[in-house]
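Examination of the molecular architecture
This is what each chain is made of:
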Amino acid sequence: MRRRLQFTGLAVVTIAAITGIGACTASGGGGGSAPAANHAAHGAVGGRAGASATPVPSPPRTAAGSSAGGTSYGGRAGFASVEIGTAKIRIASMTVQVKRDTTVAQQANSAEAITIGAGGEVDADDRSSGPDASATLVLRVPPEQLTATLTQLSKLGDEKSRRLSTQDVTSKVADVNSRVASAQGAIARLRVLYRHARKIADVINIESELAQRESDLESLQAQQRALAAETSTAAITLTLTTPPKIVKKNLPPPVKKHDEGGFLGGLHNGWHAFVTGAKAVATAVGALLPFAVLLLVLGLAARLLWPRIRPTRRTAPTPPQ
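Residue positions are given per chain, counting from 1 as you read along its sequence in written order. In keeping with the model being predicted, local features are shown solely for residues with a pLDDT of at least 70 and side-chain atom pairs are shown and tallied solely at 80 or more, while totals for entire chains, interfaces and linings include all residues. Based on all heavy atoms of the structure, the side-chain values leave hydrogens and waters out of the count.

Helix and strand counts for the protein stand at six helices and seven strands. Only protein chains enter the area calculation, which uses a 1.4 Å probe; residues under 20% of their type maximum are buried, those over 50% are exposed, and those in between are partly exposed. Per-residue burial for the protein yields a buried fraction of 28% across its 321 residues. Whether two residues are in contact is decided by their heavy atoms, any of which lying within 4.5 Å being enough. Considering only intrachain contacts with a sequence separation of at least 6, the fraction spanning at least 24 residues in the protein is 73%. To measure how exposed things are, a 1.4 Å probe is used in the Shrake-Rupley method; for residues, cover is taken only from the protein chains shown. Surface summary for the protein: the accessible area is close to 21500 Å², and the carbon and sulfur share equals 59%. Secondary structure follows DSSP: runs of H or I at least 4 residues long count as helices, runs of E at least 2 residues long count as strands, and numbering of each begins at the N terminus.

In structure tokens form, the structure reads like this:
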């Protein structure tokens, strides 16, 4: 009975300690709580061994090491030795207009060959054909080959735009790696307790806590893999476009000038002068005709009104003879 009480107390204390460790890990402080969790587990298991005739093996010491962008972590005797490098995510984008003697498809194939030659790979390839053909490629190359690859891609045509950005994620990589190591240690300690659990309630509690810790560990490892992929290669988004079409203006055909001499030449020139003079006279008559009509109307009106407004002359009397 005494042993059962001791083991029950041991399980409750250990689960509470690991739950506290998980809460610290979820909030981003997993790296600093790993030593305390190790000491708590060692003390709990040691107390169980001292109270029982059957010694309980101490939890295995985990040495989790991972690197991303030059960052590595390791643990020994509850203390973590951290070597911090730099982890950067490099993203570039470029727009190239192919020349008229080539096609978008040909230059897209050349871009893939350049990427593979630099030790990279093609993540996406989206092309469209037709008069306005275009292609969008997502390429990944080693970071040290980024500048040389961009230089080669710019020679596929006329470079229209280029953008390059770098994001330092060293602290994020360090945080994720530390949380992974802490989660792995907590899972190892829970598995030791699970192997020595005797009561059904203890088994159920440990199984529930173990499932939650394993789920958290899988999520952290997925983040770790994603960061490792992003920092180990540089992403290039290449857009290839077709040159604009040359629009030809429809100009009227040039007028042919005839240089004729002799009688026919004189007749042609005379007729041309006559037509030109007739056009000038007709233009002048058309311009003066409205004024002439107006003057004619005013003259007729004056002719009709003048007898009425003209003063009558008195005849002088004839002198007597």
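Our next topic: the pattern of salt bridges. Should a side-chain nitrogen of Lys or Arg be within 4 Å of a carboxyl oxygen of Asp or Glu, the pair is scored as a salt bridge. Counted by the stated rule, this structure contains eight salt bridges. Glu-112 is the partner of Arg-127 in a salt bridge, and the nearest nitrogen-oxygen pair spans 3.4 Å. Of this pair, Arg-127 sits in strand β4 (residues 121-128) while Glu-112 sits in helix α2 (residues 104-117), placing them 15 residues apart in sequence. Where Asp-125 meets Arg-127, a salt bridge forms, and the shortest distance between an N and an O atom there is 3.0 Å. For Asp-125, a relative accessible area of 36% puts it in the partly exposed group. Residues participating in the shared-partner salt-bridge network are Glu-112, Asp-125 and Arg-127.

We now examine the pairing of strand β7 (residues 234-241). Where a strand is regular, its side chains alternate between the two sheet faces. Inspection of the sheet shows strand β3 (residues 88-98) paired to β7 by seven bridges, in the parallel sense. In the sheet register, Thr-95 faces β7, and the bridge partner there is Thr-239. Any two strands are treated as partners once DSSP identifies two or more bridges connecting them. In terms of strand pairing, strand β5 (residues 134-141) meets β7 through eight bridges, oriented antiparallel. Looking at β7, one finds that Arg-140 is bridged to Ala-235.

Judged by side-chain polarity, Phe-263, Leu-264 and Leu-267 come together as a nonpolar surface patch covering roughly 380 Å² of accessible area. Mapped onto the elements, Leu-267 comes out in helix α6 (residues 262-309). By definition, no residue in a patch forms a salt bridge, and every one has over 30% relative accessible area; like charges are joined within 9 Å, nonpolar side chains (Val, Leu, Ile, Met, Phe, Trp, Tyr) within 5 Å.

By definition, pLDDT measures how confident the predictor is in each residue, and it falls between 0 and 100. Of the residues in the protein, 65% have a pLDDT of 70 or more, and the chain-wide mean is 74. Under a pLDDT of 50 for its full length, residues 21-84 has, in the predicted model, 95 contacts with residues more than four places off or in other chains.

All right, on to the environment of Ser-161 then. Inspection of the secondary structure assignment puts Ser-161 in strand β6 (residues 157-168). Sequence-wise, Ser-161 and Met-94 are 67 residues apart; in three dimensions their C-alpha atoms are separated by 5.6 Å. Beyond its immediate chain neighbours, meaning those up to four positions away, Ser-161 contacts Ser-93, Met-94 and Thr-95.

Within the largest apolar cluster, 22 residues are counted, with the highest numbers of intra-cluster contacts made by Leu-146, Leu-153, Leu-156, Ile-236, Leu-238 and Leu-240. At the level of secondary structure, the elements contributing two or more residues to this core comprise β3, α2, β5, α3 (146-154) and β7. Put simply, a nonpolar core is a bunch of buried Ala, Val, Leu, Ile, Met, Phe, Trp, Tyr and Cys residues held in one set by side-chain atoms that sit within 4.5 Å of each other.

With that settled, the discussion passes to the sheet that holds β4. One open sheet accounts for five strands, arranged β4-β5-β7-β3-β6; its pairing is mixed. Single-partner strands in this sheet number two, and they are β4 and β6. Sheet twist, expressed as the average angle between the axes of neighbouring strands with direction ignored, equals 10 degrees. As paired strands, β4 and β5 are joined by seven bridges and run antiparallel to one another. When the bridges of β5 are listed, Asp-126 appears paired with Thr-136. Sheet contacts for α3: β3, β5, β6 and β7; angle to β3, the most-contacted strand, approximately 10 degrees. Axis definition: a line fitted to C-alpha atoms, over the contacting stretch in the case of helices. Angles run 0 to 180 degrees between N-to-C directions.

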